[in-house]
Amino acid sequence: MSASGSSSRGLQVVLVGATGALGKEVRDVLEPSGLPISELVAVATDASIGAEMDFRGDPVFVKSE
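Residues numbered from 1 in each chain as written. Predicted model: local features only at pLDDT ≥ 70, side-chain atom pairs only at ≥ 80, totals over all residues. Heavy atoms only, no water.

A. Examining the overall build of the protein chain more closely. Looking only at helices and strands, the protein chain has one helix and five strands in total. Listing each helix as α and each strand as β along the protein chain from the N terminus yields β-α-β-β-β-β. By the burial criterion, 28% of the 65 residues in the protein chain qualify as buried. Taking the intrachain contacts of the protein chain between residues at least 6 apart in sequence as the baseline, contacts between residues at least 24 apart amount to 45%. (Helix = DSSP H or I, 4+ residues; strand = E, 2+ residues; numbered from the N terminus. Buried < 20%, exposed > 50% of the residue type's maximum accessible area, 1.4 Å probe, protein only. Contact = heavy atoms within 4.5 Å.)

Structure below.
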């Protein structure tokens, strides 16, 4: 990992509150952005564990905080 916090593959982004209104807005901004995101980690409360969302055509499963 480089000093900037990214690997040679791209950034790992952890989105806390991924299933809420703000989380959806952040995903909507990140999706079309040119940021080299190699992995989106979706984190939310226990009630959302296992929920599936799409990010750049790939499924992302919600994990607990």
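Still more ground to cover, so stick around.
B. Here's a closer look at the pairing of strand β1 (residues 11–16). Relative to strand β2 (residues 37–44), β1 is paired through six bridges, and the arrangement is parallel. Across the sheet, the residue bridging to Leu11 is Ile37, located in β2. Each parallel crossover has a hand, and the one from β1 via helix α1 (residues 21–30) to β2 is right-handed. (Pairing = 2+ DSSP bridges. Right-handed = clockwise from strand over helix to strand, strands pointing away.)

C. Fine view of the sheet that holds β1. On the basis of which strands lie adjacent, the open sheet formed by three strands has the order β1-β2-β5 and parallel pairing. The sheet is open, and its two edges are formed by β1 and β5 (63–64), each paired on a single side. Against the sheet, α1 touches β1 and β2, its axis set at about 155° to β1. (Axes fitted to C-alpha atoms, helices over the stretch in contact; angles between N-to-C directions.)

D. Local environment of the environment of Gly23. With respect to the helices, strands and loops of the structure, Gly23 is situated in helix α1. For Gly23, a relative accessible area of 3% corresponds to the buried category. Residues Gly23 and Ala42 lie 19 residues apart in sequence; the distance between their C-alpha atoms is 8.9 Å. The contacts of Gly23, once residues within four sequence positions are left out, are Leu15, Gly17 and Ala18.

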